[in-house]
Amino acid sequence: MPPGPDLWPTIAPWLAGLYAAHKRGMDFFGSLVIAFIVPLGGGTLRDLLLGRYPIFWIAEPVYAVTVVVIALLSIFVGREAKRSKTVAKVAQPVEHITDDHSMAYLIITSLALGFWAYLGTIYALEMDTPPVIAPIMGVITASFGGVLRDVFFARVPQTFMPGQLYAAAAAAGAIVYVLLWELGVSSTLSFLACFLLTFMIRMASVKFNIQSG
């Protein structure tokens, strides 16, 4: 694995976490905590359960540094946007993307969901975790950052409520990856199958309003 393999999908969720925290009137520290938890909470729980130490963001400080930098930039841009129309015009598209009702946010987070499902599953398999357990690690990696966010927001986690497929999409991709792994299919094809299946199920559930319950 290259350094920081799950860094690139975290940028949009980081921004979305900051945006959600700002909307709820949180201060800088509160916003920082939410920005950290949303993209990294699932991977942290995965590493704790697998006994995979040091935890990935401790082993690779680039994650923590990125959180702080994005948080500082977000706060600075947010303040300047109130004073400058030019800055406001630049910030508006980013705010739109991080709105969880936008199509851009849906596509980005659906791609990230597939990547996280793959990472959680492959890390578990590489540690000789039983194949039946590996998909659970994929689902935890992919979805438990949102669960922890909702706990901090003092509400029932959306993942546990009836709605469009999210954790189920990650589970489907992770299970397919394990099956292909057991059959000896190449890692590249297995990754693509997991990644694309998760993405397509998530997108289809939104487009056709497929509900989990």
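Scroll up to find the structure.
Residues numbered from 1 in each chain as written. Predicted model: local features only at pLDDT ≥ 70, side-chain atom pairs only at ≥ 80, totals over all residues. Heavy atoms only, no water.

> Where do I start with the side chain of S143 in this structure?
Summarising the element assignment, S143 is placed in helix α7 (residues 134–152). Those residues in contact with S143, other than ones at most four positions away along the chain, are T159, Y166 and A167. (Helix = DSSP H or I, 4+ residues; strand = E, 2+ residues; numbered from the N terminus. Contact = heavy atoms within 4.5 Å.)

> Please clarify how the packing of aromatic side chains should be interpreted in this entry.
Aromatic rings in a pair are described by how distant their centres are and how their planes are angled relative to each other. Under the defined criterion, the tally for this structure stands at nine aromatic pairs. Centroid distance Y118 to F191: 4.7 Å. Interplanar angle 65°. Geometry classified as edge-to-face. Pair noted here: Y118 is in helix α6 (residues 103–126) and F191 is in helix α9 (residues 187–207), with a separation of 73 residues, a long-range link. Looking at Y118, the relative accessible area reads 12%, which means it is buried. Grouped by ring-pair contacts, the aromatic residues F115, Y118, Y177, W181, F191 and F195 constitute a single cluster. In this structure, R46 packs its charged tip against the face of F56, placed 5.4 Å from the ring centre. The ring of Y123 carries the charged tip of R52 above its face, separated from the ring centre by 3.8 Å. (Phe/Tyr/Trp six-rings, centres within 6.5 Å; stacked < 30°, edge-to-face > 60°. Buried < 20%, exposed > 50% of the residue type's maximum accessible area, 1.4 Å probe, protein only. Lys NZ or Arg CZ within 6 Å of the ring centre and 35° of its normal.)

> Help me understand the packing of helix α8 (residues 167–182) against α9, please; the structure alone is not making it clear to me.
Between two packed helices, both the angle of their axes relative to each other and the distance between the axes serve to describe the pair. Where α8 contacts α9, the two axes come as close as 8 Å, and the packing angle between them is 160°. Accordingly, the angle class assigned to the pair α8 and α9 is roughly antiparallel. Here α8 and α9 pass one another in a crossing that is right-handed. Side by side, α8 and α9 meet where A169, A170, A172, G173, A174, V176, Y177, L180 and W181 of the first sit next to S187, L189, S190, F191, A193, C194, L197, T198, I201 and R202 of the second. Split by residue class, the contact of α8 with α9 holds 14 nonpolar, four polar and one charged. (Axes fitted to C-alpha atoms, helices over the stretch in contact; angles between N-to-C directions. Parallel < 35°, antiparallel > 145°, perpendicular 65-115°, else oblique. Left-handed = near helix turned anticlockwise from the far one by under 90°. Nonpolar A, V, L, I, M, F, W, Y, C, P; charged D, E, K, R; others polar.)

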